[in-house]
Amino acid sequence: MAKSELAIGIDLGGTNMSVGVVDRRGRVLARAKKKTKAQEGRDVVIDRLVMTMEAACEAGNVKLADIRTVGIGAPGPVDSERGVVITAGNLGWKNVPLGEILRKRLGIPVTVDNDANVAAWGEATVGAGEGCESLLAVWVGTGVGAGIVMGGKIWRGDLFTAGEFGHVIMYSNGQPGSRKVEEFCSRTGIVRSLRTLAGLNPESLFHKILARHEADGKAGPLGSSGIAECYNANDPLVREVVDSSAELLGIGIANWITMASMRTVILGGGITEALGKPYADRVEDSIRRHVFPSAIAPKVSVRVTKLKDDAGVLGAAMLAWDALG
């Protein structure tokens, strides 16, 4: 296959990095995934990025030298014009010129953007939002992030921070840790609320699922699948907490629609995928009840991600192709 037909898309997270070899039609031809190991420092993470790119190429029976361009979605605000990660808390990075570092190392063009932005671009180009000129894509996982496409382009804002939806204040008088969208609506926020209320609900299935998770020695907090297991079993506590988080998320999205008059919303992320249609329907119902004016509510299209885990990889690669012209 000709070099001009191959790109690499990278979804760089604080825990894992996912890499795909992608063609111009938006097909993932090969993949590789490794732990990020952010605690070991910037240089180790970048070395691992290159290693994972090489592994993806090997899986696709191609060489890194065959790759025409690279796109990366990085967590946190990114100066996409310079390829600089302004800040990434879960990587411990500040003002890291990731694009320049990799361009010098690889000798090919590198495009860097925010991870939610590139995931939204993936859905807009080859996913659930294909054909939409404008959309809001909201990712509900460990945190809550959003990517905005307006007029057929990623909208980053003058300061490159557009889409930091999880940090929108919902309760200005709330205690620290109980004010922002992601403090209630993310997986982290949902688990925190469940732990807070579990003592008052001794019969909740949440106790059993949490105990099993801890007995298995799994690292980190309870995952989305554990929450979904309780939710699908109609556990009253989990239903109440999750439905409340969906209501709040819908309010936040409705506020955006009211301000930006945007027709299409895409929901993705680990919580959305694990909880499925009942959760998405709850969010959609909240959006329709809170958007202004109410007459536009029937015109809003709420969709679930088509690309799922591939959204970031595909979006990063498609953005890199766009940068080549």
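See the structure above.
Residues numbered from 1 in each chain as written. Predicted model: local features only at pLDDT ≥ 70, side-chain atom pairs only at ≥ 80, totals over all residues. Heavy atoms only, no water.

Asker: Tell me about the pattern of salt bridges, and please be specific about residues and values.
Answerer: Within the structure shown, the criterion is met by 14 salt bridges. Taking the shortest distance from any N to any O, the salt bridge between Asp-243 and Arg-282 comes out at 3.2 Å. Taken together, the residues Asp-243 in helix H8 (residues 236–260) and Arg-282 in helix H9 (residues 270–290) connect sequence positions 39 residues apart. A relative accessible area of 42% means that Arg-282 is categorised as partly exposed. Linked through salt bridges whose partners overlap, the residues forming this network are Glu-247, Asp-285 and Arg-289. (Salt bridge = Lys/Arg side-chain N within 4 Å of Asp/Glu carboxyl O. Helix = DSSP H or I, 4+ residues; strand = E, 2+ residues; numbered from the N terminus. Buried < 20%, exposed > 50% of the residue type's maximum accessible area, 1.4 Å probe, protein only.)

Asker: Lay out the sheet that holds strand E1 (residues 7–12) in plain terms, naming residues and giving numbers.
Answerer: Reading across from one edge, E3-E2-E1-E4-E8 is the order of the five strands in this open sheet, with mixed pairing throughout. Looking at strand neighbours, the two that pair on one side only are strand E3 (28–35) and strand E8 (110–114), the edges of this open sheet. Strand-to-strand, the axes of this sheet are offset by a mean angle of 15°, without reference to chain direction. When strand E4 (residues 69–74) meets E8, the two strands line up parallel, connected through five bridges. Each residue of the ladder has a partner; that of Gly-71, found in E8, is Thr-111. Packing against the sheet, helix H1 (residues 42–59) makes contact with E1, strand E2 (16–22), E3 and E4, and its axis sits at approximately 145° to E3. Lying over the sheet, helix H10 (residues 311–324) contacts E1, E2, E3, E4 and E8, oriented at roughly 135° with respect to E1. (Pairing = 2+ DSSP bridges. Axes fitted to C-alpha atoms, helices over the stretch in contact; angles between N-to-C directions. Contact = heavy atoms within 4.5 Å.)

Asker: Give me the lowdown on the sheet that holds strand E12 (residues 264–268), citing residues and values where you can.
Answerer: Ordered by their spatial adjacency, five strands build an open sheet running E11-E10-E9-E12-E13, and the pairing between neighbours is mixed. Among the strands making up the open sheet, the edge pair consists of strand E11 (153–154) and strand E13 (301–304). Taken strand by strand, H8 contacts strand E9 (135–140), strand E10 (144–150) and E12, and its axis lies near 160° from that of E9.

Asker: Help me get a handle on the nonpolar core, residues and values and all.
Answerer: If you look at the biggest cluster of nonpolar residues, it comprises 47 residues, and the most contacted ones within it are Val-138, Leu-249, Ile-253 and Tyr-279. With eleven residues, the top contributor of residues to this core is H8. Excluding residues that lie within four positions of it along the chain, Ile-253 makes contacts with Leu-136, Val-138, Phe-165, Val-265, Leu-267, Val-283 and Ile-287. Formed by 33 residues, the second largest nonpolar core is a distinct cluster that contains Val-45, Ala-56, Val-70 and Ala-74. (Core = buried A, V, L, I, M, F, W, Y, C linked by side-chain atoms within 4.5 Å.)

Asker: Pulling in residues and values, what's your account of helix H2 (residues 98–106)?
Answerer: Within H2, burial applies to Leu-98, Gly-99, Leu-102 and Leu-106. Projected down its long axis, H2 carries its buried residues within an arc of 95°, all on one side. Of the surrounding secondary structure, the elements contacted by the buried residues of H2 are E1, H1, E4, strand E6 (84–88), strand E7 (93–96) and E8. (Arc of directions from axis to C-beta.)

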